[in-house]
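Fold and contact review
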Amino acid sequence: MGSRIRRALSRAAFAAVGAAAGAAVGGLISRQAASSGGALGALAGATIADVRSDPGGFLDALRSDEDEALDDADGAATAG
């Protein structure tokens, strides 16, 4: 339960930082761009938090299931 709360708080913190950065950059252009930049920044921040919290690591989060199956088959072929 505690890890779920920590993960949610981490995701919220990253989303808040991303929203602030996106809104600041968009605010240099216009109010509408600030709003859109804040939304996109929050989405990016939450995505980064999810990838960082993956127990397999950053690269494992980006790999597809097909890549893992190929790696498992290659490892079994070379080991045996």
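Residues numbered from 1 in each chain as written. Predicted model: local features only at pLDDT ≥ 70, side-chain atom pairs only at ≥ 80, totals over all residues. Heavy atoms only, no water.

**Points about the environment of Ala34**
Spelled out, the test is: For helices the rule is a DSSP run of H or I covering at least 4 residues; for strands it is a run of E covering at least 2, with both sets numbered from the N terminus onward. Residue contacts are counted whenever heavy atoms from the two residues lie within 4.5 Å of one another.
Tracing the backbone through its elements, the reader meets Ala34 in helix H2 (residues 31–52). For the pair Ala34 and Ala21, spaced 13 residues apart in sequence, the C-alpha to C-alpha distance is 9.6 Å. Excluding residues that lie within four positions of it along the chain, Ala34 makes contacts with Gly22, Ala23, Gly26 and Gly27.

**Details of helix H1 (residues 2–27)**
The following threshold applies: Given a helix with a known number of residues, its expected span is that number minus one, times 1.5 Å. Only protein chains enter the accessibility calculation, which uses a 1.4 Å probe; a residue is then buried when its area is under 20% of its type maximum, exposed when over 50%, and partly exposed in between.
The end-to-end C-alpha distance of H1 is 37 Å, a good match for the 38 Å that 26 residues give at a rise of 1.5 Å each. Those residues of H1 not exposed but buried are Ala15, Gly18, Gly22 and Gly26. Residues of H1 that are buried in the fold lie against H2.

**Some words on the pattern of salt bridges**
It is possible for side chains of opposite charge to pair when their charged atoms get near one another. Let me state the cut-off plainly: In the sections that follow, a salt bridge refers to a side-chain nitrogen of Lys or Arg positioned within 4 Å of a carboxyl oxygen of Asp or Glu.
For the coordinates displayed, the defined rule picks out 1 salt bridge. A salt bridge links Arg11 to Asp50, with the nearest nitrogen and oxygen atoms 3.5 Å apart. Taken together, the positions of Arg11 in helix H1 and Asp50 in helix H2 put the pair 39 residues apart, joining distant regions of the chain. Residue Arg11 is classed as partly exposed on the basis of its relative accessible area, which comes to 33%. In this structure Asp50 comes out as partly exposed when scored by relative accessible area, which is 37%.

**So, the environment of Leu43**
On the secondary structure map, Leu43 appears in helix H2. For the pair formed by Leu43 and Phe14, sequence separation is 29 residues and the distance between their alpha carbons is 9.3 Å.

That is the geometry; function is a separate question.
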